[in-house]
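# Structure assessment
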Amino acid sequence: MAKSKSKKQQSAKSSFKSQLPMLVMLVIIGIIGAVALLPSVFTQRNPIVEVITPQTYTTAFLDTNKNHFLLDVRRPDEFASGHIA
């Protein structure tokens with residue numbers, strides 16, 4: 001019985017060793033693919049942030065009905081001093 005287990009273990013080890021170069025190559029290809037695709041993913045999810053005046057916002061977005069997202073991050077006292085809408 002001990003010899004039988006030993007042969008199976010050796011067989012499994014040699015099988016893994018024979019597949020190791022293929023596994024390493026697949027990992028390398030995966031890393032290269034991820035690195036190639038990451039820049040395009042980040043540019044799509046991180047648009048340019050612009051600081052604009054209320055007048056510029058009105059003429060560039062409200063008057064033209066462009067699809068956009070406005071995030072006002074001012075404090076309540078700043079907002080009370082004047083806002084777009």
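This text follows the structure it describes.
Here we summarise the structure given alongside this text. These figures come from a predicted structure and were not determined experimentally.

### A short note on the overall build of the protein chain
- From N to C terminus, the protein chain includes three helices and zero strands.
- Along the protein chain, from the amino end to the carboxyl end, the secondary structure elements read α-α-α.
- Per-residue burial over the protein chain gives 1% buried out of 85 residues.
- Of the accessible surface of the protein chain, which amounts to about 8100 Å², a share of 66% is contributed by carbon and sulfur atoms.

### Quick notes on a nonpolar patch on the surface
- Among the surface-exposed residues, F16, L20, M22, L23, V24, M25, L26, I28, I29 and I32 lie close enough to one another that they form a single nonpolar patch of about 940 Å² accessible area.
- Position of L26 relative to the elements: it lies in helix α1 (residues 2–45).

### Quick notes on the packing of aromatic side chains
- Taken as a whole, this structure holds one aromatic pair when the rule is applied.
- Their ring planes at 35° and their centres at 5.7 Å tell us that Y57 and F61 sit as a pair that is tilted. In this pair, Y57 and F61 are both assigned in helix α2 (residues 54–62), four residues apart and thus about one turn of the helix distant.
- A residue is classified by how much of its surface remains accessible, and F61, at 25% relative accessible area, is partly exposed.

### Quick word on the pattern of salt bridges
- Tallied over the entire structure, the rule returns three salt bridges.
- As a salt-bridge pair, D77 and R75 come within 3.2 Å of each other at their nearest N and O atoms.
- Among the residues examined, D77 registers a relative accessible area of 48% and is labelled partly exposed.
- Several salt bridges converge on common partners, so that one network encompasses R75, D77 and E78.

What counts and how
Residues numbered from 1 in each chain as written. Predicted model: local features only at pLDDT ≥ 70, side-chain atom pairs only at ≥ 80, totals over all residues. Heavy atoms only, no water. Helix = DSSP H or I, 4+ residues; strand = E, 2+ residues; numbered from the N terminus. Buried < 20%, exposed > 50% of the residue type's maximum accessible area, 1.4 Å probe, protein only. Areas by Shrake-Rupley, 256 points an atom, 1.4 Å probe, with all protein chains shown as cover. Patch = residues over 30% accessible without salt bridge, like charges linked within 9 Å, V, L, I, M, F, W, Y side chains within 5 Å. Salt bridge = Lys/Arg side-chain N within 4 Å of Asp/Glu carboxyl O. Phe/Tyr/Trp six-rings, centres within 6.5 Å; stacked < 30°, edge-to-face > 60°.

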